[in-house]
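One-letter residues, chain by chain:
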Amino acid sequence: MFRIDRRLLLHFDWVLVALAALLIGAGLLTLGSLVPRLLMRQLVWLGVGVVGGLVLISIDYRTLARWAYVAYLGGLGLLAAVLVLGRAAQGARRWLSVGPFTLQPSELFKLILLTTVAAYLAARERERPGWDRVILPLCLVAPAFLLIVKQPDLGTALVLVPVVAALLFVGGARWRDLAILAGGALAAAPAFWFILRDYQRERLLVYLDPFRDPLGSAWNVIQAKITIGSGQLLGKGLFGGTQSRLAFLPERHTDFIFAAFAESWGFMGAIALLAVYGLLAMRGLEVAATARDALGSLLAAGATVLLVSQALVNIGMVTGLLPVVGIPLPMVSYGGSALLTALGAVALIENVRMRRFV
Amino acid sequence: MSLRVGRSQPLDHHRRLVLLAIGLAAGFLAIGAQLAYLQIVTGNRLAELSDKNRIRLRTVTAPRGILFDRNGLPLVENRPAFTLAVVPRDADNLDAVLERLAGLLNLPAAELQERFARVPADSPWPVRLQRGLTLDEVSRVEEWRLELPGVAVEVESQRAYPSTRFAAHLLGYVREVSEADLARGRLRRGDLVGQSGLERLYDEYLRGRDGAEQMEVDAYGRPIRVLQRQEPLAGAHVYTTIDRRIQQAAEQALGPRNGAVVVMDPRNGDVLALVSNPAFPVERFNGPIDRATWASLVEDPARPLLNRAIQGEYAPGSLFKIIVAAAALQSQLFTPFDRLSCPKEWWFGGRAYHNWEDHDRGPLTLYEAIKFSCNTFFYQLGLKVGPERISRMAEAFGLGRPTGTGLIGERGGLVPSPAWKKRALRDKWHAGDTVSLSIGQGLITVTPLQVARFMAVVANGGALWKPRLVARVKALDGTALASEPAVEESRTEIAPVVLDFLRQALWAVVNDGGTGKGAMIPGVSIAGKTGTAQTHEFKSDAERKRRDQDNAWFAAFAPVEDPQVVVVVFAERAGLGGQVAAPIAREVFKAIFLERVAAAGLPG
């Protein structure tokens, strides 16, 4: 299975790898300047992620798709296990302990769900799209979504929304059905409200209006804005970031790492980082457009949206455009599970790209 | 690029990918624009703010909700108070600042420093040092302002009590959040939290939500302008079932004695008054309490922190005869027409058991035995009925488990039974245990609130109510946040004739020359039962006669024909129930039935 065809290596896309490497490099640099003691852990995760990515690349995506449903069931089991056995921190059960490291199954499950929905849609590709093209994939998504909300990990659950929407869209769902779905989701939102526990509601309200919690989220947002803005055009240099270094900025190496980066490198640096994501998006969608088959196209498009929409939401939140949702910046934020997932997504795109002629 | 043929809709597929790309591009553009705005347009200003870290955050404390009595009179109020705080980041030399403050305000410097033990030295959050500063102290701090960088005086609303010990246990006290509560989250260091009583039970509602101000400050930490302000949301009002007038009357009636008074409405379980003595001075707990005061309260042998009405577990003494009588009649092992002897001492198992009176009253009916509270009669009756029936009846009256007020530390007392003794003590139940149980002595214990509830069952004809302390919670704008309906926990399966009989016998205790005549009031028909519970073995006959170390009980309800109120008095180590507790209950009844008493007192 690991025997690699020479032709595949020939078509290996170094541009994609280079873009990923730039992002990871920016993340490690920022992490090293802020919390050097965590650098080693992140490097270990990087090693694991690279090996995992290579394994993922070496298996034909069509083979992966055949196993998708099995992985899907296993993943659901893991999510259920988290609720029972998981390590609780800050009022949530999201993590499973693996030796000294902790794993967040909901992160990795994003890849599994993406593959499963893509496999389903690709299998039905030749049929005339009907209602079921929208409904059945949603039946796959719903149980996982509920399990993740229950942890509770609203951030991760919300990230699934654009990915699934993009898959349905690219997968040929009718415009009418998509419109009905969007309308239905809006109408169902109030019902969803009643399922939530009190503090989850409160958190949701804080997402929508950070100034409900002026000492928490609102403080984070205004500090993040000051941090970013004070970087001005050229930045304060790698170790010159006073805001982030003096611990004014909360979660400065995880969800808010973009603020620290923008403080150090200024507008030029921030735009450059944004550009790397932009290039990643273009490359990913190009892979989707030139893929050998519908499955490849869907996988590449889904993985691209997974990476890019997370990046956009994260930066949008840090710059104060969007409410505060706790999701990391792919490949840049500190955190093992998120890095594994991001590398997995890159590997999926590469997988499709390499095999476009095979 | 190979556009493959043979796909169903390749063109549409590609068009959709392009649309997706456009959608993502829009996101990138929006973020790029925001970055330009932050870093280029407002960059200078934000850089200036960041240079000096000139943004300060200050909580604007939400005023705590008010606790009202059943008639809408406040049981506790708020008043503005000054709080001294220090922002560690702004204090160039924290130790020196604290030293100066300690000198200025006469506070122990070591305790001030302790408050910073868990706070980072560059924290931008104010740490509250002392609440309830006097105006004089505030002006002293302001005078030295320039020597005290980082020091701030905030205005907060603080609890104000009508009198220092009024309903202390019931209302509870408010104090700075403890480390244990902090660890549970949702609260911030320095927050005031209800720590006992209703303040704790309804803390979520009473607390409200703090607001905050983001301020720009100068190099001295003085505010220049407010950048953003979030108004606090005041706490909700809690409407209790307490009647302030009755609570005051009960406290006055109990006077300086240690003990408890509970007043309950037998028709719905509403608690009208809940008194425990000695009380603690509530307002002393508001600020940081000094160690000596705390130690003196905790170590005081009179245990002022104990809420005797719900946390004190005491032998019920002769009050329990009501339950023994109920069990006897209900099981039909004894009828109102049967008689048993009432000697001054009764021999059983080679041992003399005494009555509390020194003469033989001859054979008595149950009615008379209750009236005279004859111990020797009830020893025999208890043996006849047996311990299982008695303990079952006690449980039917709600004894042996907490009443479910939710107040912290509520105890359930203990109803012993042969099965329980075997399980818990690994010991056999002896006939002597039954003898003790028959007069409410030995292992059995109750709380005064449990007694009120069980007297209510007798009074109302069988309904065991969950005591209700709070009727509803209302937000400031009048919207109801919670309402607590009266809850009937269970209906005691006792024949109405039995309860009728008990009510008559209890009326006789007060009004027909029984042990409770000390509670009699013209114009109000009171029914009740005295209890005098031995707190230790008598060492001599002289001690048996004196009995000044006994717990005195009196539990009563009125008016007998239509019971509206139950009054339970417990006086610790005070003497005989009839002599000590009954007159206290009388005062409480007098206050409750003011008009009737006045009417009865009028000539003609």
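The structure displayed is predicted, hence computed values, not measured ones. (Residues numbered from 1 in each chain as written. Chains lettered and ligands numbered in written order. Predicted model: local features only at pLDDT ≥ 70, side-chain atom pairs only at ≥ 80, totals over all residues.)

### Observations regarding the overall build of chain B
Scanning chain B from N- to C-terminus turns up 23 helices and 23 strands. Evaluated residue by residue, chain B yields a buried proportion of 45% over its 604 residues. Of all intrachain contacts in chain B linking residues separated by at least 6 positions in sequence, the fraction that spans at least 24 positions is 71%. (Helix = DSSP H or I, 4+ residues; strand = E, 2+ residues; numbered from the N terminus. Buried ≥ 20, exposed ≤ 12 C-beta atoms within 10 Å, placed from the backbone. Contact = placed C-beta atoms within 7 Å.)

### Quick word on the overall build of chain A
Tallying secondary structure elements over chain A gives 15 helices and three strands in all. For chain A, the residues scored as buried account for 49% of the 358 residues in total. In chain A, once contacts between residues fewer than 6 apart in sequence are set aside, the share between residues at least 24 apart is 73%.

### Points about unusual backbone geometry
All names here are of chain B. Each neighbour pair has its own omega, and for Asn277 with Pro278 the value is -5 degrees, a cis peptide bond. Here Pro278 lies in the loop between strand S12 (271-277) and helix H11 (291-299). Cis rather than trans, the peptide bond between Ala558 and Pro559 has omega equal to -15 degrees. Within the element layout of this structure, Pro559 appears in the loop between strand S22 (551-558) and strand S23 (565-571). A positive phi angle, close to 60 degrees, is found at Gln332, a residue other than glycine. Mapped onto the secondary structure, Gln332 falls in the loop between helix H13 (321-330) and strand S13 (339-340). One non-glycine residue, Ser373, adopts positive backbone phi at about 50 degrees. Mapped onto the fold, Ser373 is located in the loop between helix H14 (366-372) and helix H15 (375-385).

### A look at the sheet that holds strand S11 (residues 259-264) of chain B
Residue and element names in this part refer to chain B. Sheet architecture is open: five strands sit in the order S12-S11-S23-S22-S21, paired in antiparallel fashion. At either end of the open sheet lies a strand with only one pairing partner, and these are S12 and strand S21 (527-533). Neighbouring strand axes in the sheet, compared pairwise and without regard to direction, differ in orientation by 5 degrees on average. With seven bridges joining them, S21 and S22 adopt antiparallel strand pairing. Bridge pairing in S22 places Thr532 opposite Ala552. Against the sheet, helix H19 (residues 448-460) engages S11, S22 and S23, with an angle of about 145 degrees to S23. Its contacts with the sheet place helix H20 (residues 496-511) against S21 and S22, and it is angled at close to 70 degrees to S21. (Pairing = 2+ DSSP bridges. Axes fitted to C-alpha atoms, helices over the stretch in contact; angles between N-to-C directions.)

### Focus on the nonpolar core
All names here are of chain B. Ranked by size, the top nonpolar core spans 128 residues in total, and within it Val261, Val262 and Val263 carry the most contacts. Here this core takes nine residues from H19, the largest share from any one element. Setting aside residues no more than four positions away along its own chain, Val262 makes contact with Val271, Ala273, Leu274, Ala309, Pro448, Leu449, Ala452 and Val568. (Core = buried A, V, L, I, M, F, W, Y, C linked by C-beta atoms within 7 Å.)

### Examining helix H22 (residues 577-592) of chain B
Residue and element names in this part refer to chain B. Given a rise of 1.5 Å per residue, 16 residues ought to cover 22 Å, and the 21 Å separating the end C-alpha atoms of H22 matches this to within 8%. For H22, a buried count of twelve out of 16 residues is recorded, marking the element as mostly surrounded by other parts of the structure. Lining the buried residues of H22 we find helix H10 (244-254), S11, S21, S22 and S23. (Expected span 1.5 Å × (residues − 1).)

### Some thoughts on the pairing of S11 of chain B
Across a regular strand the side chains alternate sides, sitting on one face of the sheet and then on the other. Residue and element names in this part refer to chain B. With six of six residues buried, S11 lies mostly within the body of the structure. The two faces of S11 match: Gly259, Val261 and Val263 on one face and Ala260, Val262 and Met264 on the other face are all buried. Here six bridges tie S11 to S12, and the two strands are oriented antiparallel to one another. Within S12, the residue paired with Val261 across the bridge is Val275.

### Remarks on the packing of helix H8 (residues 154-170) of chain A against helix H14 (residues 294-318) of chain A
Residues and elements named next belong to chain A. Interaxial distance between H8 and H14 falls to 9 Å at its minimum, and their mutual angle equals 150 degrees. The orientation of H8 with respect to H14, classified from their angle, is roughly antiparallel. Remark: the crossing between H8 and H14 carries right-handed chirality. The residues of H14 that touch H8, namely those facing Val159, Pro162, Val163, Ala166, Leu167 and Val170, are Ser297, Leu298, Ala301, Gly302, Val305, Leu306, Ser309 and Gln310. Looking at the contact of H8 with H14 residue by residue, the class counts come to ten nonpolar, four polar and no charged. (Parallel < 35°, antiparallel > 145°, perpendicular 65-115°, else oblique. Left-handed = near helix turned anticlockwise from the far one by under 90°. Nonpolar A, V, L, I, M, F, W, Y, C, P; charged D, E, K, R; others polar.)

### A closer look at H19 of chain B
All names here are of chain B. Between its first and last C-alpha, H19 extends 18 Å over 13 residues, near the 18 Å set by a 1.5 Å rise per residue. Burial of H19 is extensive: 13 of the 13 residues sit out of reach of the surface. Backbone geometry just downstream of H19 places Gly461 in the positive-phi region, at approximately 90 degrees.

### Overview of the confidence of the model for chain B
Caution is warranted with low-pLDDT regions, since their predicted coordinates should not be read in detail. Residue and element names in this part refer to chain B. With 92% of its residues at a pLDDT of 70 or more, chain B has an overall mean of 86. Taken as a whole, residues 1-9 scores under 50 in pLDDT and shows eight contacts with residues more than four places along the chain or in a different chain. Both confidence scores are given for the complex: pTM 0.65, ipTM 0.86. (pLDDT = per-residue confidence, 0-100.)

### A short note on the sheet that holds strand S2 (residues 67-68) of chain B
All names here are of chain B. One open sheet accounts for four strands, arranged S2-S10-S18-S19; its pairing is mixed. The outermost strands of the open sheet, each flanked by one partner alone, are S2 and strand S19 (480-483). Pairing geometry for strand S10 (residues 237-240) and strand S18 (residues 470-474), over four bridges, is antiparallel. Of the residues in S18, the one forming a bridge with Tyr239 is Arg472.

### Some details on the packing of helix H7 (residues 132-150) of chain A against H8 of chain A
Axis angle and axis distance: for two packed helices, these are the angle between their axes and the distance between the axes, and together they describe the pair. All names here are of chain A. Between H7 and H8, the least distance of the axes is 10 Å, while the angle of their chain directions is 170 degrees. As far as their axial angle goes, H8 and H7 are roughly antiparallel. Every residue of H8 that contacts H7 at Val134, Pro137, Val141, Phe145, Ile148 and Val149 is listed here: Leu154, Thr156, Ala157, Leu160, Val164 and Leu168. Taken together, the residues that form the contact of H7 with H8 break down as eleven nonpolar, one polar and no charged.

### Some words on the environment of Gly461 of chain B
Residues and elements named next belong to chain B. Within the secondary structure, Gly461 is located in the loop between H19 and strand S17 (463-466). When the C-alpha positions of Gly461 and Pro563 are compared, they lie 9.9 Å apart, and in sequence the two are 102 residues distant. Those residues in contact with Gly461 that lie beyond four places of it in its chain are Pro496 and Leu499.

### Things to note about the pairing of S22 of chain B
All names here are of chain B. Taking burial as the measure, the eight residues of S22 include eight buried ones, the bulk of the element. Going residue by residue along S22, you find Asn551, Trp553, Ala555 and Phe557 tucked away on one face and Ala552, Phe554, Ala556 and Ala558 tucked away on the opposite face as well. Inspection of the sheet shows S22 paired to S23 by seven bridges, in the antiparallel sense. Along S23, the bridge assignment pairs Ala556 with Val567.

### Brief notes about the environment of Ala80 of chain A
Mapped onto the secondary structure, Ala80 of chain A falls in helix H5 (residues 68-85). Sequence spacing of Ala80 of chain A and Ala144 of chain A is 64 residues, and the spatial spacing of their C-alpha atoms is 9.2 Å.

### Some words on the environment of Pro120 of chain B
All names here are of chain B. Take Pro120: it is sitting in the loop between helix H4 (109-114) and strand S4 (127-133). Accessibility expressed as a C-beta count within 10 Å gives 11 for Pro120, which makes it exposed. Measuring from C-alpha to C-alpha, the distance between Pro120 and Arg89 comes to 8.8 Å, with 31 residues separating the pair along the chain.

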